[in-house]
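# Residue-level structure breakdown
Here's the letter readout for the chains.
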Amino acid sequence: GLLQSRQLAPNSHEACCNLGCVYHLSGDDNAGLHWYREARRLFPRGETAVLAQAFLEQRKGFPEEAVRILVGFLQEVDSSHVGALRQLGKLHIREDQWSKAAGVYHKLIAVDPTSDEWPSQLQLCLNHLPVKNDFGEPVLNPGGGGIGGMFALAFSMAEPMLRSTVDPKEGRSTNAFATLGGAGGGGHSPRNCRGSTEDGYGAGGERGPGRGAGPPAGLQRLREAKQLLEAGRAEAAIPLYEGLLRQDPRSGEALLGLAECHADAGRLDAALEAGKQLLGVRPDDAEANLRVAELLLSAGYSAEMVEPYLKWAGNVPNGGRTLRLRMLCAQAQIALLREDYAKANANASEAVRIDAEAPKALLLLGHARLRVAEYAAALRALNAASSTAGARSRGGEARRLRATAHTLAAEAHERQRQYPQALQEVQRALELAPGLPQARVVRATALQQSGRDREAESELEDLLQTEPSNAAARLQLGYGQLCAGDPRAAATLEGILSGPAVGRSTLGASKAYLAVALEVQAELSYDRGALQRAEMLAKESLAQHRNLQQVWRDIEGGPAQPVEALQRLRGICDLDLTTVQAKQLLKLLARAHGRSELARGGGSSGAATP
């Protein structure tokens, strides 16, 4: 019944929440998590989905994801939501993050002063915090054990208040790590943004004497580590940064360098861990927040997870040319995730104006133009990105950027039916990044479109063996099966609908293909239920696939010309349709929207060549 309700109301977040609750109560947390994620995608501000997804993410062993969800809700929707704050406080306690938990319970006391729960939980946190001297440095308790009461209270109550009162522009902080308490029970004053000279936090004290200023040997090791990283030897630099952190665990420069090394080596989880520690040291620093945002984007996190860090980084005035360029690149990536290609193109173009040889800016510009079928312009930008990346850096990130550029170039060639060139570009990408999933999908697409169906199917099935949740590979496999008249096509495409959340256009394309597959089955078996579901899926695909939506608006707004309508459907750059498939989809859409005259002259069903 709930699944039927979901089908009848595909955009209802309440239906998704109900499904999530049922699956969770029945013991299937994986399915429950999927439906709560879908509910958040449909309505990001809904408290039920936010709290439930955070709970299940924590239960599945992803506490950092749970924290990001709750902090994002508190920042963007309701900073005084008692349920979200309580859940966040409990989560911090489970992770032994006592200072952050204390900050949360301090906030709860202010929001809900009548509850007896918050003071007792706050005292529990204070009893686990270290005592600090007048300089904010931890000191040993001569009597052994933690000192509670007034000593812990003196710094723990003051610290969250101080950390939540500074904003780069107006004197108020909205950064989650600052507002909800610092990492490790301490933290620098928010005035210590990048460029501060009052309290150095570089490894070895690169800002001169004072607290954190270590011996000259520390400065030398920091320089050596930076030189190794710049030379593309991230693995050799890691021990140096780790050694510096053993001497000074709060060294911002060493934490940033360690994050860069792990990112260069492709270990994004380790890079994000270093980034999290960096934010504990520099919660209000533009560079720290921007680097975490970049790492989250590289790791495939959603735009909603990234934006709070990016927003904070953008609040710092006079960030400089390089910071501005990186901000524009991150904003272009977010726009691509949201399929706002005009905004992605505008941000990437502005970044290229700042630095015409910035590899990442050129890559994003090429990507944005590829998505709007400007293939020649896309190839120029992507070729330039590959060339400049190779010239500027020899590190792992540069190799991956070049591999991505070749993969996108292969896609541009494939879209233009230049299959030999597409396969050459894929080969270059795989030489730089062996096994790159995106490149393998493009190779399978080029093989399929050039008539080498068995090779394409083998490539995709092999990829799905190692990455069963790869929606792009499953979509291409399902489409190939649909073209071949393979009855497995519907089951393959159903796997996308029941799997992890994917982009709107990918979901829309899978529903369009599945609608066509079910329409064929319905005609062969006279299954009215399958036909009704095919019509429903066709309508849903129209609501979710950006380019299909635009083409259908043009079709509906013009005279009833079935032949022209078919040509328009077949011309959609990111929705491959044979002539017969276009006729089937047109018939389904026309019937669902009461425009049966558009389907006049439609051909028979079945597989067809392009």
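Sequence order sets the numbering: in each chain, residues are counted from 1 along the sequence as written. Only residues with pLDDT of 70 or above have their local features reported here, since the model is predicted, and side-chain atom pairs are shown and tallied only from 80 upward, although totals for entire chains, interfaces and linings are computed over all residues. The basis for every side-chain value is the complete set of heavy atoms in the structure, and neither hydrogens nor water enter the calculation.

### Let's talk about the overall build of the protein
We count it as follows: The numbering of helices and of strands both runs from the N terminus, where a helix is a DSSP run of H or I of at least 4 residues and a strand a run of E of at least 2. Note on exposure labels: buried denotes an accessible area under 20% of the residue type's maximum, exposed denotes more than 50%, and partly exposed covers the range between, all computed with a 1.4 Å probe on protein chains only. Residues are treated as being in contact if the distance between any of their heavy atoms lies within 4.5 Å. Surface exposure here means Shrake-Rupley accessible area, sampled with a 1.4 Å probe, where a residue is shielded only by the protein chains that are shown.
Looking only at helices and strands, the protein features 31 helices and two strands. Each of the 610 residues in the protein was classed as buried or not, and the buried ones make up 50%. A fraction of 56% describes how many contacts in the protein between residues 6 or more apart in sequence connect residues 24 or more apart. When the accessible surface of the protein is totalled, it reaches about 27500 Å², and 51% of it is carbon and sulfur.

### Things to note about unusual backbone geometry
Even without glycine at this site, Asp96 takes up a positive phi of about 60°. Considering the arrangement of structural elements, one finds Asp96 in the loop between α6 (82–94) and α7 (98–111). Even without glycine at this site, Arg417 takes up a positive phi of about 65°. Tracing the backbone shows Arg417 in the loop between α21 (396–415) and α22 (419–432).

### Focus on the pattern of salt bridges
Where we set the bar: Any Lys or Arg side-chain nitrogen found within 4 Å of a carboxyl oxygen on Asp or Glu counts as a salt bridge.
One pass over the full model with this rule turns up 36 salt bridges. For Glu397, the salt bridge identified is with Arg291, shortest N-O distance 3.7 Å. In this pair, Glu397 is assigned in helix α21 and Arg291 in helix α15 (residues 286–298), connecting sequence segments 106 residues apart. By relative accessible area, which is 7% here, Arg291 ends up buried. Note that Glu459 is salt-bridged to Arg440, the shortest N-O span being 2.6 Å. With Glu459 in helix α24 (residues 453–466) and Arg440 in helix α23 (residues 437–449), this residue pair connects regions lying 19 residues apart in the sequence. Taking relative accessible area as the criterion, Glu459 reaches 12% and is therefore assigned buried.

### So, the packing of helix α4 (residues 47–59) against helix α5 (residues 63–76)
What counts here: Helix axes are fitted to C-alpha atoms over the stretch in contact, other axes to C-alpha atoms as well, and angles between N-to-C directions run from 0 to 180 degrees. Angular relationships are summarised with four words: roughly parallel below 35 degrees, roughly antiparallel beyond 145, roughly perpendicular across 65 to 115, and oblique for the angles in between. Left-handed describes a crossing whose near helix is turned anticlockwise from the far helix through less than a right angle; right-handed describes the clockwise counterpart. For this scheme, ten residues count as nonpolar: Ala, Val, Leu, Ile, Met, Phe, Trp, Tyr, Cys and Pro. Four count as charged, namely Asp, Glu, Lys and Arg, and the remainder, Gly too, count as polar.
Interaxial distance between α4 and α5 falls to 7 Å at its minimum, and their mutual angle equals 160°. By the angle class used here, α4 and α5 are roughly antiparallel. Judged by the twist between their axes, the crossing of α4 over α5 is left-handed. Contact residues: Glu47, Val50, Leu51, Gln53, Ala54, Glu57 and Gln58 in α4; Pro63, Glu65, Ala66, Ile69, Leu70 and Phe73 in α5. Of the residues in the contact of α4 with α5, the class split is eight nonpolar, two polar and three charged.

### Section: helix α16 (residues 303–314)
For the α-helix, the turn length of 3.6 residues means that residues three or four positions removed from each other point alike. Note the following rule: By this rule, a helix spans an expected 1.5 Å times one less than how many residues it contains.
In a regular helix each residue adds 1.5 Å, so 12 residues correspond to 16 Å; α16 covers 16 Å between its end C-alpha atoms and thus fits that length. Of all the residues in α16, the buried ones are Ala303, Met305, Val306, Pro308, Tyr309, Leu310, Trp312 and Ala313.

### Some words on the confidence of the model for the protein
Detailed reading of the predicted coordinates is not advisable wherever pLDDT is low. Basically, it comes down to this: Confidence scores labelled pLDDT are given residue by residue by the predictor and lie between 0 and 100.
Mean pLDDT over the protein stands at 80; residues scoring 70 or higher make up 81%. Confidence drops under pLDDT 50 across residues 131–215; counting only partners more than four residues distant or on other chains, this segment forms 177 contacts. Scored below 50 in pLDDT, residues 602–610 shows 22 contacts in the model against residues more than four places distant or in partner chains.

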